[in-house]
Amino acid sequence: MAKAYTPGLKVSASTEHEAHRILPIQGEVKVAEGDLVDADTIVAETFMDGDVTPLNVANLLSAQPGEVPGLMLKQEGDSVEKDEPIARSKGIFGMFKNECKAPASGTLQAISKTTGQVMIAGPMIPVQVKAYLPGRVDSVLPGEGVVVKNTVTLIQGIFGVGGETSGRIVIATSSHDEELRAELITEEMSGAIIIGGGRMTAEAIQKAREVGASAIVSGGLDDSDLKQILGYDLGVAITGTEKLGVTVVVTEGFGEIGMARRTYELLSARAGRQASVNGATQIRAGVMRPEILIPVEDGSDFDGDAIETESGVLELGTPIRIIRDPFFGMIGTVAALPEAPQVLGSGSKSRVLDVALESGDTVTVPRANVELIET
Amino acid sequence: MSSESTFNPADVKVILATDCGSTTTKAIMIEQVDGVYRQTWRGEAPTTVEEPFADVTVGVINSLTEIQEVSGRRLLDDQGRIIRPATADEGCDIYISTSSAGGGLQMMVAGVVREMTAASAKRAALGAGAIVMDTIASNDKRRPHEQIQRIRELRPDMVLISGGTDGGDTKKVTEIAELIAPAKPRPRFGKAYELPIIFAGNEKAQPEMNRVFGDGGFDLKITDNLRPSLEQENLGPARDMIHDVFLEHVMAHAPGYDKLMSITDAPIMPTPGAVGDILQTIAKGRGINAVGVDIGGATTDVFSVFDGTFNRTVSANLGMSYSISNVCAEATLPTILRWVHIDMDERELRNRVKNKMIRPTTIPQTLEALVFEQAVAREALRLAYKQHKEFATTLKGVQQQRTVGDTFSQQSGGETIVDNMKLDLLVASGGVLSHAPRMHQTAMLLIDAFEPEGVTELAKDSIFMMPHLGVLASVHEQAAMEVFERDCLVYLGTCVAAKGAGKPGKSCFSWSLDGGSRGSGELQFGDLEHVELGPDESAEIEIRPARGFDVGAGPGKVLKRTVRGGTVGLILDARGRPLALPEERQACRSAMQKVIDQIGLYPAAESTPVTQESGSSD
Amino acid sequence: MNRAGQRIALALNALLLAGLTGVAAASSPLTGAPPAPPSGVSAEDKPWDGGGTVLLRWEASSTEEIKGYEVFAHQEVSGSVAAAEAEQSAKDEAEAQTEAILEGEGVAPEDAEQQAGERAARDVAPVTDVPKWNSLGVVPPDQLEFIASGLDKSTPYRFMVRAIGSDGEASADSNVTPALVPYAQWFDGAKLPLFCILFVICGAVFLYVMLARSGMPMKIRTIAGLKAVDEAVGRATEMGRSILYINGIQDMDDLQTVAGVTVLGHVAKTAAEYDAKIEVPTSRSLVMTAAREAVQSSYYTAGRPDAYNPDLIYYVTDEQFGFVAYVSGMMTREKPAACFYMGAFFAESLILAETGNSVGAIQIAGTAQPSQLPFFVAACDYTLIGEEFFAASAYLSGQPDQLGSLKGQDVGKIIVGVFIIIGVGLATVQAATAGMPSMESLHEGATSAVDFLVNTILGS
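These numbers come from a predicted model, not from an experiment.

Peer 1: Explain the domain arrangement of chain B to me, and be specific about the residues and the numbers.
Peer 2: Residue and element names in this part refer to chain B. Taken domain by domain, chain B holds domain 1 (9–101), domain 2 (104–255) and domain 3 (290–396 + 412–615). Between the C-alpha centres of domain 2 and domain 3 the distance comes to 36 Å. Across the boundary between the two partners, domain 2 contributes 17 residues, which contact nine residues of domain 3. Across the domain 2 to domain 3 interface the summed buried area is about 1000 Å²; carbon plus sulfur atoms make up 61%. Connecting domain 2 to domain 3 are zero salt bridges. Looking at the side of domain 2 that touches domain 3, the elements with two or more residues in it are helix H2 (117–127) and strand S6 (130–137). At six residues, H2 tops the list of elements feeding residues into the side of domain 2 that touches domain 3. Taken together, the residues that form the side of domain 2 that touches domain 3 break down as seven nonpolar, three polar and seven charged.

Peer 1: So what about the confidence of the model for chain B? Which residues, and what values?
Peer 2: On average, chain B scores 84 in pLDDT, and the residues at 70 or more come to 94%. Scored below 50 in pLDDT, residues 1–5 of chain B shows 12 contacts in the model against residues more than four places distant or in partner chains.

Peer 1: Just give me the short version of helix H8 (residues 285–301) of chain C, but keep the residues and values in it.
Peer 2: Every α-helical turn comprises 3.6 residues, leaving residues that sit three or four positions apart pointing alike. All names here are of chain C. When the terminal C-alpha atoms of H8 are compared, their 25 Å separation across 17 residues agrees well with the 24 Å that a helix rising 1.5 Å per residue should span. Within the sequence span of H8, burial applies to Val-287, Met-288, Ala-291, Ala-294, Val-295, Gln-296, Ser-298 and Tyr-299. Looking at the buried side of H8, the elements it contacts are helix H7 (255–274), strand S8 (278–282) and strand S9 (313–315).

Peer 1: Break down the packing of aromatic side chains for me, citing the residues and quoting the values.
Peer 2: Under the criterion given, the structure shown has 16 aromatic pairs over all chains. Measuring from ring centre to ring centre gives 6.4 Å for B:Phe303 and B:Phe310, while their planes differ by 25°; the resulting arrangement is stacked. One exposure class covers both B:Phe303 and B:Phe310, and it is buried. Judged by centre distance (5.8 Å) and plane angle (20°), the ring pair of C:Tyr245 and C:Phe340 falls under stacked. One end of the pair, C:Tyr245, is in strand S7 (residues 243–246); the other, C:Phe340, is in strand S10 (residues 338–342), and 95 residues separate them in sequence.

Peer 1: Which residues make up the confidence of the model for chain C, and what are the values?
Peer 2: Residue and element names in this part refer to chain C. For chain C, the average pLDDT comes to 84, and 90% of its residues sit at 70 or higher. Helix H1 (residues 3–26) is the least confidently modelled element of chain C, averaging 48 in pLDDT, while S7 averages 96, the highest of any element. Segment residues 14–30 is flagged for pLDDT under 50; beyond a separation of four residues in sequence, or across chains, it makes seven contacts in the model.

Peer 1: Which residues make up the nonpolar core, and what are the values?
Peer 2: In terms of nonpolar packing, the biggest core is built from 112 residues, with B:Leu160, B:Ile180, B:Phe213 and C:Phe340 touching the most fellow members. Sequence-distant contacts of C:Phe340, that is, excluding residues within four places in its chain, are made with C:Val229, C:Ala232, C:Ile243, C:Leu244, C:Tyr245, C:Ile246, C:Val267 and C:Ile364. Core analysis: the second largest hydrophobic core is formed by 98 residues, A:Phe254, B:Met320, B:Leu528 and B:Ile599 among them.

Peer 1: Mind laying out the pattern of salt bridges, listing which residues take part and the relevant values?
Peer 2: All names here are of chain C. In total, this model carries 64 salt bridges over all chains according to the counting rule given. Lys-269 is the partner of Glu-273 in a salt bridge, and the nearest nitrogen-oxygen pair spans 3.6 Å. Placement of the pair is Glu-273 and Lys-269 together in helix H7, with a separation of four residues, close to one helical turn. For Lys-269, a relative accessible area of 31% gives the class partly exposed.

Peer 1: Lay out the interface of chain A and chain B in plain terms, naming residues and giving numbers.
Peer 2: On the chain B side, the residues contacting the 53 residues of chain A number 46 residues. At the surface where chain A touches chain B, the tally comes to eight salt bridges. Summed over the shared surface of chain A and chain B, the result is 17 residue pairs in polar contact (both at pLDDT 80 or more). Considering every element that reaches the side of chain A that touches chain B, the biggest residue donor is helix H4 (residues 223–230) of chain A, with four residues.

Parameters at a glance
- Residues numbered from 1 in each chain as written.
- Chains lettered and ligands numbered in written order.
- Predicted model: local features only at pLDDT ≥ 70, side-chain atom pairs only at ≥ 80, totals over all residues.
- Heavy atoms only, no water.
- Domains from an automatic or database assignment.
- Contact = heavy atoms within 4.5 Å.
- Buried area = accessible area lost by both parts, 1.4 Å probe.
- Salt bridge = Lys/Arg side-chain N within 4 Å of Asp/Glu carboxyl O.
- Helix = DSSP H or I, 4+ residues; strand = E, 2+ residues; numbered from the N terminus.
- Nonpolar A, V, L, I, M, F, W, Y, C, P; charged D, E, K, R; others polar.
- pLDDT = per-residue confidence, 0-100.
- Expected span 1.5 Å × (residues − 1).
- Buried < 20%, exposed > 50% of the residue type's maximum accessible area, 1.4 Å probe, protein only.
- Phe/Tyr/Trp six-rings, centres within 6.5 Å; stacked < 30°, edge-to-face > 60°.
- Core = buried A, V, L, I, M, F, W, Y, C linked by side-chain atoms within 4.5 Å.
- Polar contact = N/O pair within 3.5 Å; in protein donor to acceptor, adjacent residues only side chain to side chain.

Next up, the structure:
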């Protein structure tokens, strides 16, 4: 087996990228083919029916259903605010009156004499789709949405949370493996995409959220920190719909791990530029990785080598990273490729390779536990 | 499917079989050795359905290349084609394959009542080896618009609709069809793909189906009702139809599958369907109740045959790589750590779990990592088996026959048919189980997760060969059966467990083997004992349970049985059923340590560790 | 006739007897000198009672050999009033006896009552004269007190005691006590055990309601019959047939009918969710109205008000067998896939259940009629037995208040059960040890315990 695992993540200085911007239900497209759009431009819009909240007024006021219309303070068609009284009981001799408050804002849709039920329809929910990627509208799908196209620097992360956002790129750390701590995040980073190097802490993410940053990108993240910011233990790796206030993208993995040097350098070269970030991740069938898209205006400001996936051949001297404990995150080169399987510490037998680490040590790890890194 | 059955079975000397899983493609070679078929070599390579390769055959060729390397037999020509037919030192005679790559066969099923026809439809789909993405029913508590929304979101490979007994309801099932038709679910494989709809419902509703799905964009297939009456379930025709459609439509559109289909000598089967077939064959042939489990990276499949009824469930989010994080979230870390006897750093573990999720192909290198991974596996299996028990039930909606004696004990329909006491054989497969460095670990994983009661044989599918053999059986049954007997199942041994609860230190049961000549003893509650009994040996066991304990003959009754040995031997389990571990961490750790000592689970310093190859042919 | 009435009647009997003996005693000059009367008779109202009871005490007669003391009371009312009362009670008693006889002969209750009244008026002789002193009873010579009960609590009484000599001769009258009204206090001490039981049971209900509200999980045993509702309704949906619901043949005043309507609400809600057709023929018009209300609100709750059709809930006939004939006929014609029988059933239970079984329906029955339960159990798929049926509403709603009260009631039942077991045990001991000299103390203990249970606890 001469091939090593490659996570299949794209890191490309310049590539053509299409963003499909589609409404969940039929609606109206706001732009035309050929239009130039910004990240925040609304390209399509529609309205969804509001939620209907039923409220049994007869039960709440201990009245007969037939009496309910007479007890209503609001009539059909009136708009109501949450916690606004909408009905009042007659009480005893004008005393001990009971009130019934609206459980939600909206319009009083129906008052039933037979059940005493009152329906409050919430306001119509506007559904808007933004362009997300600044660029040109390549095609319009009538009633559904548009396709936006542009030449971009594309960086895929390995894991992310939070949805689409955009902002200018700000580099917070001084090296590709410096930990991204809260004190590195300043007020000026409001609306920005903060790029860190090594592990980002929960406090850093919290700070980013407080200063109003759009996104925070770094090499690693602790799972306990992820749990802390999400408020729950993430099970299935299908993300993108979280409402965190900030989009989080991890480029390498969980734990203490620095961002790949090339990725870091690419991002550093793009500092100050506008970028679009999406944290949506889906591992498994129909893989979706978080992405950072930086439009390239003329394509001339970088070497422009479109990166293709690594061929994945392990040879002596190939730079690799170990992706499993006990040497997780360590970088080195292939020092030996023994043919025969060896017995591991766990007792299993597996094909292994020797890795010469940057520190000078040589360790033996299973071939499955390394990944190629780009030079 | 190029040249089906154009060979003479007697001439077949070399067979190649691959199983394209979601992460790895596994290849085996079967050769005729001294007149019998034996599995001889195997190879593995990452599956290549997704980008950048987007061609499943790349992984197939890689795995075959590995066999070529290790066996020294040339299988592929310079163009990377399989050399056929076999000569003395080149090529093979038959090449077959199963597939669950790219998410396998993904289906949506629909029925009128969720617990009745929709459940039957789900059973049919699962039995055929599909992953059921969602079940639409008129009583699934969703409003029609929500159902339409859901149908739109899903991108199934095919849809199975059932509903109404023959001569029964037509209205509701038509309503369901009328929801699906306008929602126009988009199949995964582009717009040119006509979504296959299989209707296996009320025969009176067939004209309605033709009307609803006749407009184009759908490929409607009609087959026999899978619930002709509520008292009867007829899944066969629907399963066959699913398989036909799978080959005809789904396989033809998956990346590289057209190529794969052209080089196989038998129709490609969905992996779980093939496993189900072979398990049913064993259960029928030996007249036993069997449970099979395949724990994969993303999903865990549980198969069971109880009293001739076959059931399969897929626990979509319980697995050891992609879904490992979900296992930890569902089971919670403290529950997983019940099975761990050493101290572990929680932060470290959490990161490891997540890294395994995002980089699913790594394997544990240290003993500590292995212990933890096996603890996670126990919980994944336990949760999957629980889901299976809930699904494998008697039919619902059936009229009951009562006598006055039932006054105070009215059993309702839809009770689980899974009974651990009646279970005879438990077969394990899937990486974490079959690649465990020591067989004892596999055996204990099964015992802890499934909690078998009474006398249960434990076996493992040595290298997950059951899917290959399931397909092989359809073209060369003799070869399939011979390999199955000799190489596929590795008998680990037999577990004897007493059902009941007691206090630690009180007697649970006493036992004697072959009248005491091969050992005897008494176990106290909470104890575990390991007795060597070789793979080809068997012995007469007599078990005398203490009062309140049951080993299969009834509470407190003596049981005499022949037990089969294996690579592990006999495990006598007096920890009681249901299995309860101490709540307190320290007590739990020492209880686990005791188990490890008694069985010899993780020998820290053993000179010749048993490896995964030990159970196979060599 | 209530307890007080019985006591008065007894007192009257005693009075008549005493009158006769008194006459006999007076006309018997053969005996020796009459014994000395007891002295110092005092009377006081019994405290903590419901009125009508007076505690009498006296000092022993100076005569050694006496048979006992006879206690007399005198009600401070005019003779005619007393006579009228005596006459009325005599008539009441006669009437009750006659009525019972007539009913036993098969005369309709209304007719029996009327005839008995007429006969009593005709037969009972008018009472013209009432003796001034009424005897309340005779007590042994060593007993120097007497509880006079069953008195009128609003009129004053005077009391005196006579000693009765060994030869049956009565002494002279003792001193007469001052007039005393045996009035009722605010609290009747005799009812204290009842109060305690009430307090414990209500307290338990209250406590469990509170606990349930505070979020303590209330486990309720799975009731197979209610769990199977989904199954039955599902069957009807799959088979494209209707659901038949029979709410018993009694009116809304029967608790079982009320419980049946509760269950109907649940069944109708499930039917609305599955969009199955539910048909409810009733044998009482009021039940029809209630059933319509219940079904309608269920359809609304399920969010399908449009699917509600009141015409499927209709009145058939009050006639027991007319109703059964209709329902059975309908079952054979329409072959419902699910039948529910929830309410009070009589002879029709087996007819309905067997018909339903023969058309292949899933049947769920619920009744508190013990005599019909075996039929339902044998012919139906599931049966709610008595208490289960009444617990259904708590079970279905899952509301903490209802679950809590159910649990509280269970505590009450446990208490009753415990007392029954203790009582049976004691009574057994009492009976078994009777006449065994060695067990005398045990026997006496058991006897007094049984007396306490019977008289004080049950009596209250």
